[in-house]
Structures are given as structure tokens and as C-alpha cells.
Amino acid sequence: MLEAVDLECVRGDRRLFAGVGLTVAPGELLHVRGPNGSGKTTLLRMLCGLVKPVAGEVRWAGRPARELGDGFLALLTYVGHHNAIKDELTGPENLLVHARLCGAPDDAATLSAALERLGMKAYGRVPCKVLSAGQKRRTALARLLISRSPLWILDEPFNALDVGAVATLQQAIQGHLQRDGMVVLTTHQDVPIDGAVKTLHMGA
Amino acid sequence: MVRRDLTLVMRNRADVATILFFFVIVVSLFPLGVGPEMNILRTIAPGVVWVAALLASMLSLGRMFAADHADGTLEQLLVAPAPLALLVLGKVIAHWLASGVPLVLMAPLLGLQFGLPADGLAVLMVSLLLGTPVLSLVGAIGAALTLGVRGGGVLVSLLVLPLYIPVLIFGAGAVDATVSGLGGQAHLSILAAMLVLAGCFTPWATAAALRISLD
């Protein structure tokens, strides 16, 4: 179970948010909502340990995530604002690098199945720089399909995706929740997900 | 990690060529400026080649993390369940293979321009072989600290060049000592010691710097 207590974030001399607490239990999705600039992305980065909270802490199964270190990082897959796609590499190469890095299955069959599900199989041989924004986003999201980690942290995952890809991702998220996975995401789109959905409203 | 970075380098070959040409041109400017006096050239050769190598290696530092920072790959490295210092070491090794090794290979040719004797050329190569990885390792700290900072390039040189001084002194000193018949062994041993030290400690410092830069 992911838990955060009393998180506070200060950027420069402005307090972005304070006293933010949340819990996500297995099979639950937490939808972080809020206007632009309310600190959604920062909160997500904080949950991943990329940003250090001024006060409060992130806990996994009751223990501080900071203490667990790599043990905690092994449990999460993060897809941020940026796609982390290398323009010079092809889609499968990008995915392979990620799989190796995270200890996810890295055999060619798994990777190409993930890319195929997102409709990116036909582009397996071209460098990602010729892909459109939506296609790059799909390639980045293929990481979720090969991931075995219980916690997904997604920052605006539906951005730039077309209707078909949104549906695929929606199914993937639902499947993940049914397998007792946990999802924390931000999005401005209304994408219905069946199951236990909680909402966290951020400031402003 | 090393393989990924090398693949990227191979797909951006122009970058490596730029660094190499920079090195060649800087070194070649000196004989033109100083004049063809063989004795003077021979005396300044080790220093000139080493200073040019420092500058060339520094030029390429900016790219070590900048692209990964811009496209979000760096975030993924930080949230990957692998020791960040090891990933950093992988990136530094790739950086050295792409920017240091070409300099080492090119150096004897440039040394010839300055009329260095054969044993001097050999020691020049060995000293660069030991010294350029130190430059990449130490430079990585500077590159990590200045990520996302405006005017990062200039800042990197201010941060890193002072730290390069010991490498420069012993690198150029090794060649000097050999040419003057004293033997460059002691200098090379110190360079090797610096390499071991830098190899052990700088990846941790760089990893810490990356965490600060991304916070």
C-alpha cells in the first residue's frame, strides 16, 4: 500500500502545497486533479522520490520509501511528462533499454507484443525522431505493458493519444487494477475507469 | 548503459568528429603562431597537446547529460532500481570511449608536428590514456551540477578547469620528464593513482549532483 503523509513542497519562496496526504491500496486508482500549476506533477515526482518533500514522507507498506531505496523503486513504473524516448533509437530499442534498466522481461517477443498492442509494430525499424507526438507517447506507454511493478505513476498519460490508443491504455489500466495493481495518475480528460477510483483535489 | 550510449554516439557521429577536429586545429595553431623553431616547439609540445585535450574534452561535457535531461531519460534513470552511481559510471565510460579515445589515438600524429622523439610520443599516449578518463570522470560532476542552468557551458569550465590542473601538470610533466631523459614513470604513477581515485569516488558525487539538479 502506498501512503503519503503531510507532504509539503516549496518551490523557490512559494509554497506549492502543504499537508497533502493520500493512500492507495491494491486495486485502487488515485486520480489527482487540479488546475494547471497546482503541483500535480510535482506531487507525482515526489511519490517517485525525484523531489524531496520539505515536510512529510512517502511510505510503502508502512515503511518510509526513502529507507527502502531501490527496493521501492523496483515496485514502481513512472511515465512522466517527458517520454524518455531517444530520438536516435527505434521503438523496440527504446523499450529494450527501459526493460533492461528496470529488470522487466526483455525478450523480443514480449517487447514486440507490447508495441503491437499499441499499434506501433509497423514502425519498428524507424528512429523515433520521425514519429509523431502521439506515436512517441504510445512507445513510452508500451513500458506499462511490459512492466511487472505493482505501482504505476502516470503524469498526463492520455496526452497526445488518439481515441484508439486511449481505449487501449484504459484497458491496460483496468487490467492492472484487477490484478491488484495500484495507479496514481493526473489527467484533465474524463476517462472512465471501472473499479475503485479515488480523487485527490489539489489546491488553488 | 555503455552500449546504449555508444549506439547513440554512432548515430550522431558528427559530434565526435567536431571534438576531434577542434583538438587537431588548436594544436596545429601553435606551430603557426610560435614559428618553426624546432627547440621551442619541442619544449611546448606536451603542454600544448594536453591543454588542447583538456579543452576538447570539456567541450563535449555539456552533452553527457543534457540530452537525457531534456527528453526525460534522466528521470527514468533516477527511478530505475539500479545504483545510480553505476549507471553514471556507464555513461562516463561511453563518454570517454567517444571523446577521450579518439584524442589518445590522434595525439602521436600531432606530437610529430612538434618534433617529439619516439619515446616522448609513447609517453604522451600513455599519459593521455590515463588522464583523459579522469577528465571525463571529474567533468561529469560539473556537467551534472550545471544541468538546466542558464549559461551552463561557461559555468562548467569555471567549475571543472581548476580540477583539471593536477591532471594537466602530471600529464604534461610525464612527457617533459621523458624527453629530458629523467623518465616519466613517477608522473605516470601519480596519473594512474588519480584515475583510481576518480574512478572510485566521482560516480557517487555525480549521482548526488544529478539528484540535486533534478529536485
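The coordinates are above.
Residues numbered from 1 in each chain as written. Chains lettered and ligands numbered in written order. Predicted model: local features only at pLDDT ≥ 70, side-chain atom pairs only at ≥ 80, totals over all residues. Heavy atoms only, no water.

**Notes on the interface of chain A and chain B**
Contacts between the two partners involve 28 residues from chain A, matched on the other side by 24 residues from chain B. For the pairing of chain A and chain B, the buried interface totals around 2200 Å² over both sides, and the portion due to carbon and sulfur atoms is 55%. Residue Glu75(B) is joined to Arg45(A) by a salt bridge in which the shortest nitrogen-to-oxygen separation is 2.1 Å. Counting the contacts that link chain A with chain B gives six residue pairs in polar contact (both at pLDDT 80 or more). Only helix 3 (70–73), strand 6 (76–79) and helix 4 (91–102) of chain A provide two or more residues apiece to the side of chain A that touches chain B. (Contact = heavy atoms within 4.5 Å. Buried area = accessible area lost by both parts, 1.4 Å probe. Salt bridge = Lys/Arg side-chain N within 4 Å of Asp/Glu carboxyl O. Polar contact = N/O pair within 3.5 Å; in protein donor to acceptor, adjacent residues only side chain to side chain. Helix = DSSP H or I, 4+ residues; strand = E, 2+ residues; numbered from the N terminus.)

**Let's talk about the sheet that holds strand 1 (residues 2–11) of chain A**
All names here are of chain A. The antiparallel open sheet is built from four strands, whose spatial order is 2-1-4-5. Looking at which strands have only one partner, the edges of the open sheet turn out to be strand 2 (14–24) and strand 5 (63–64). For strand 1 and strand 4 (residues 55–60), the ladder comprises five bridges, and the chain directions are antiparallel. Across the sheet, Val5 pairs through a bridge with Glu57, a residue of strand 4. Against the sheet, helix 1 (residues 40–47) engages strand 1, strand 2 and strand 4, with an angle of about 125° to strand 1. (Pairing = 2+ DSSP bridges. Axes fitted to C-alpha atoms, helices over the stretch in contact; angles between N-to-C directions.)

**Observations regarding the pairing of strand 7 (residues 151–155) of chain A**
Residue and element names in this part refer to chain A. Within strand 7, five of the five residues are buried, which leaves it mostly tucked inside the rest of the structure. Residues Leu151, Ile153 and Asp155 of strand 7 are buried on one face, and the alternating residues Trp152 and Leu154, pointing to the opposite face, are buried as well. Pairing analysis gives four bridges linking strand 6 to strand 7, with the strands arranged parallel. Bridged to Thr77 within strand 7 is Trp152. Across five bridges, the pairing between strand 7 and strand 8 (residues 182–186) is parallel. When the bridges of strand 8 are listed, Leu154 appears paired with Leu185. (Buried < 20%, exposed > 50% of the residue type's maximum accessible area, 1.4 Å probe, protein only.)

**Some thoughts on unusual backbone geometry**
Residues and elements named next belong to chain A. Backbone geometry at Ala160 places phi at a positive 70°, although glycine is not the residue there. Within the secondary structure, Ala160 is located in the loop between strand 7 and helix 7 (163–178). Overall, the relative accessible area of 54% leaves Ala160 in the exposed class. Of note in this structure, Asp180 is not a glycine but carries a positive phi near 70°. Note that Asp180 resides in the loop between helix 7 and strand 8.

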